[in-house]
Every structure is written in C-alpha cells, then in structure tokens.
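Chain and residue survey
So you can see what is in the structure, the chains are spelled out below.
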Amino acid sequence: MEPESKPSLSELSSTAALGDYVLISEVGEGSFSRVWKAVHRESGEVVALKQVFLSRLNMHLKNCLDCEIKFLSSACHPNIVRLLEAFQNILLSRSDDDAVVKVADFGLSRSLHPGDYAETVCGSPLEVSNGLCRAGPSHLNSCF
Ligand SMILES: Nc1ncnc2c1ncn2[C@@H]1O[C@H](COP(=O)(O)OP(=O)(O)OP(=O)(O)O)[C@@H](O)[C@H]1O
C-alpha cells in the first residue's frame, strides 16, 4: 500500500494493535488472511497489515507462506509490495501497553526431560534452514 496522508487522532483511537501498528480499518479478506489498513504509532506511516490465519494453513501452505516472506524480505522493486516486518507466531494477550507477548504454534513441539535432546529432523528438505541441517540434536529448542 502506498503511503498516504497521516490519519487523524480519532482514527488512531482504535484499540486494536499489533506491535507498533494500530489497526484502522479492514481493507480486504482472502481465503487465508485478512488485510488491514494500519498506522505506525510513532512514524505515522500508513501500511497494509496482513493477518494470516495459520489455523487455516496445512503444512504445505505454511511452507508457501515462509517462501513468500523470504521472497518479499529480499525483493526490492517498484512494482512489488515491500515487506516491512513479519510477526510470525507472536501474539499479544491484549491490545494496550500491558500486553504480554506470547509465542504460538507449537505444532512440532515435544516434551523432553532435562538433559534429553530431540533427534527427529523436522521440516521439508527444501525449506529446512542450513543451521538446522548442520545442527545435531535440537537442544536449543528445549528451554521451555
Ligand atoms: N499490500 C496491500 N495493499 C492494499 N491492499 C491489499 C494488499 N494486500 C492485499 N490487499 C487487499 O486485501 C485483499 C485480501 O488479500 P489477500 O492477499 O489476503 O487475499 P487474496 O490473495 O486476494 O485472496 P486468496 O488468498 O483467497 O487468493 C486483496 O484482495 C486486496 O484487496
């Protein structure tokens, strides 16, 4: 979405927010997501904020979403939308300054005893990160 004039204070009184962005109005909805007109609290920059309903995505579509985020993060072209930030699996408990950040989507999680390592390789071959390929047992993820 191209930048436009800054919204009025009454528009900013909306209580819904995500990170530093205040949601102003709904722009459109697709099969798996809703797009909002939003404004950055400090800069006043108006953006399109896409809320993806992860519960509607199967594993293949989640991989496609990761690809889209990776591509848009690196794309820089006047005819391609610019990705400013991606909040993935991060939820806010409420919409004001007392919000607690919560990590979501534990689809591949498992319970381990202290000192145990998970040994199953997770992720599709084309999508799995280099770091994960090189790593041994995934002790980094066992701190929760
Ligand atoms: N960057 C953007 N700026 C302004 N409006 C947008 C932007 N991205 C999406 N929209 C609007 O939001 C609507 C929903 O977009 P979204 O990408 O979620 O779904 P879609 O691709 O149109 O549909 P589907 O996912 O079902 O194929 C779009 O049709 C468009 O009207």
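You'll find the structure just up there.
The present account deals with the structure reproduced in this document. All values derive from a computational prediction rather than experimental measurement. (Residues numbered from 1 in each chain as written. Predicted model: local features only at pLDDT ≥ 70, side-chain atom pairs only at ≥ 80, totals over all residues. Heavy atoms only, no water.)

**Examining the overall build of the protein**
Along the backbone of the protein there are 3 helices and 6 strands. In sequence order, the protein lays out its α and β elements as α-β-β-β-β-α-β-β-α. Considering only intrachain contacts with a sequence separation of at least 6, the fraction spanning at least 24 residues in the protein is 34%. Taken as a whole, the protein presents about 10800 Å² of accessible surface, with 55% of it coming from carbon and sulfur. (Helix = DSSP H or I, 4+ residues; strand = E, 2+ residues; numbered from the N terminus. Contact = heavy atoms within 4.5 Å. Areas by Shrake-Rupley, 256 points an atom, 1.4 Å probe, with all protein chains shown as cover.)

**Here's the deal with the sheet that holds strand E4 (residues 46-52)**
Two modes of strand pairing occur in sheets, parallel and antiparallel, and in both the strands are linked by backbone hydrogen bonds. Pairing is antiparallel across the open sheet formed by 4 strands, whose spatial order is E1-E2-E3-E4. Looking at strand neighbours, the two that pair on one side only are strand E1 (17-18) and E4, the edges of this open sheet. Of the strand pairs in this sheet, strand E3 (residues 33-40) and E4 are connected by 7 bridges, and their pairing is antiparallel. Among the inter-strand pairings, Arg34 is bridged to a residue of E4, identified as Gln51. (Pairing = 2+ DSSP bridges.)

**Points about the nonpolar core**
Within the largest apolar cluster, 6 residues are counted, these being Tyr21, Leu23, Trp36, Ala38, Val47 and Leu49. Within the residue set of this core, elements represented by two or more residues are strand E2 (21-29), E3 and E4. Those residues in contact with Ala38 that sit more than four places away from it in its chain are Tyr21, Val22, Leu23, Ile24, Glu45, Val46, Val47 and Leu49. (Core = buried A, V, L, I, M, F, W, Y, C linked by side-chain atoms within 4.5 Å. Buried < 20%, exposed > 50% of the residue type's maximum accessible area, 1.4 Å probe, protein only.)

**Some points on the pattern of salt bridges**
According to the stated counting rule, one finds 4 salt bridges in the structure shown. With a closest N to O distance of 3.1 Å, Arg34 and Glu29 form a salt bridge. When its relative accessible area of 22% is taken as the criterion, Arg34 is described as partly exposed. With relative accessibility at 44%, the residue Glu29 sits in the partly exposed group. Note that Glu45 is salt-bridged to Arg82, the shortest N-O span being 3.9 Å. Taken together, the residues span a long stretch of sequence, with Glu45 in the loop between E3 and E4 and Arg82 in the loop between helix H2 (59-74) and strand E5 (90-92) at a distance of 37 residues. Note on Arg82: relative accessible area 63%, which makes it exposed. Several salt bridges converge on common partners, so that one network encompasses Glu26, Glu29 and Arg34. (Salt bridge = Lys/Arg side-chain N within 4 Å of Asp/Glu carboxyl O.)

**Some points on the site of the ligand**
Not every one of the 11 residues close to the ligand is listed here, only the nearest: Gly30, Ser31, Ser33, Val35 and Lys50. In this structure, an oxygen atom belonging to the ligand sits 2.5 Å away from a side-chain N or O atom of Ser31. In the model, an oxygen atom of the ligand is placed 2.9 Å from a nitrogen or oxygen of the Lys50 side chain. For the ligand, the accessible surface in isolation is 610 Å², of which the surrounding protein chains cover 53%. Of all the secondary-structure elements, those providing two or more residues to the shell around the ligand are E2, E3 and E4. It is E2 that contributes the most residues to the shell around the ligand, 3 residues altogether. (Near = heavy atom within 4 Å. Polar contact = N/O pair within 3.5 Å; in protein donor to acceptor, adjacent residues only side chain to side chain.)

**Quick look at the environment of Glu68**
Following the sequence through the fold, Glu68 ends up in helix H2. With 15 residues separating them along the chain, Glu68 and Leu83 place their C-alpha atoms 9.9 Å apart.

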